[in-house]
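Observations on the model geometry
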Amino acid sequence: MTETLERQDAVGLLLGGWYTTEELAEIIGVDPSTLRRWRTAHPVQGPPFVRLSGAVTRYGAMDVQRWLLSRRIDPQETDR
C-alpha cells in the first residue's frame with residue numbers, strides 16, 4: 001500500500017502543474033519578494049517548494065493547494 005501511495009505522489013508531482021515564484025505571487029496576491037523571504041526564513045515558511053538550481057525554484061500546484069487549505073479559517077467553524 002505504501003508503494004502505491006508513493007507512486008501516486010510521484011505522478012501527482014509530475015502532472016500536477018508547477019508555478020514560478022512570480023506566477024504564484026500573482027495568484028495568491030503577494031509580492032514575489034515575500035515568497036523569496038519565506039523560502040530563506042529560519043524556520044522556512046510559506047508553501048512547499050522545489051529548488052531545481054540556485055536560481056530556479058518551483059511550487060507544485062497540489063502543494064500550494066494543501067498549504068492554502070491548511071491556513072483557511074472558517075468563522076462558522078471557530079464559533080463552535
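Please refer to the structure higher up on the page.
Residues numbered from 1 in each chain as written. Predicted model: local features only at pLDDT ≥ 70, side-chain atom pairs only at ≥ 80, totals over all residues. Heavy atoms only, no water.

**Remarks on the overall build of the chain**
Heads up, the condition is: Numbering of helices and strands runs from the N terminus, with a helix taken as a DSSP run of H or I at least four residues long and a strand as a DSSP run of E at least two residues long. The buried label applies to any residue whose accessible area, calculated with a 1.4 Å probe on protein chains only, is under 20% of its type's maximum; exposed applies above 50%, and partly exposed to all values in between. In what follows, residue pairs with any heavy atoms lying within 4.5 Å of each other are defined as contacts.
Counting its regular elements, the chain contains five helices and three strands. Starting at the N terminus and walking to the C terminus, you meet the elements of the chain as α-β-α-α-β-β-α-α. Here the chain holds 80 residues, and 24% of them are scored as buried. Across the chain, the fraction of contacts at a sequence separation of at least 24, relative to all contacts at a separation of at least 6, is 39%.

**Some thoughts on the packing of aromatic side chains**
Condition: Aromatic rings from Phe, Tyr and Trp, with only the six-membered ring used for Trp, were paired whenever their centres fell within 6.5 Å, and each pair was classed as stacked if the ring planes differed by under 30 degrees, edge-to-face if by over 60, and tilted otherwise.
Taken as a whole and judged by the stated rule, the model has two aromatic pairs. Ring plane angle 55° and centroid distance 5.7 Å describe the contact between W38 and W67, whose orientation is recorded as tilted. With W38 in helix α3 (residues 32–40) and W67 in helix α4 (residues 61–70), the pair connects residues that are 29 residues apart, well separated along the chain. In this structure, W38 and W67 share a single accessibility class: buried.

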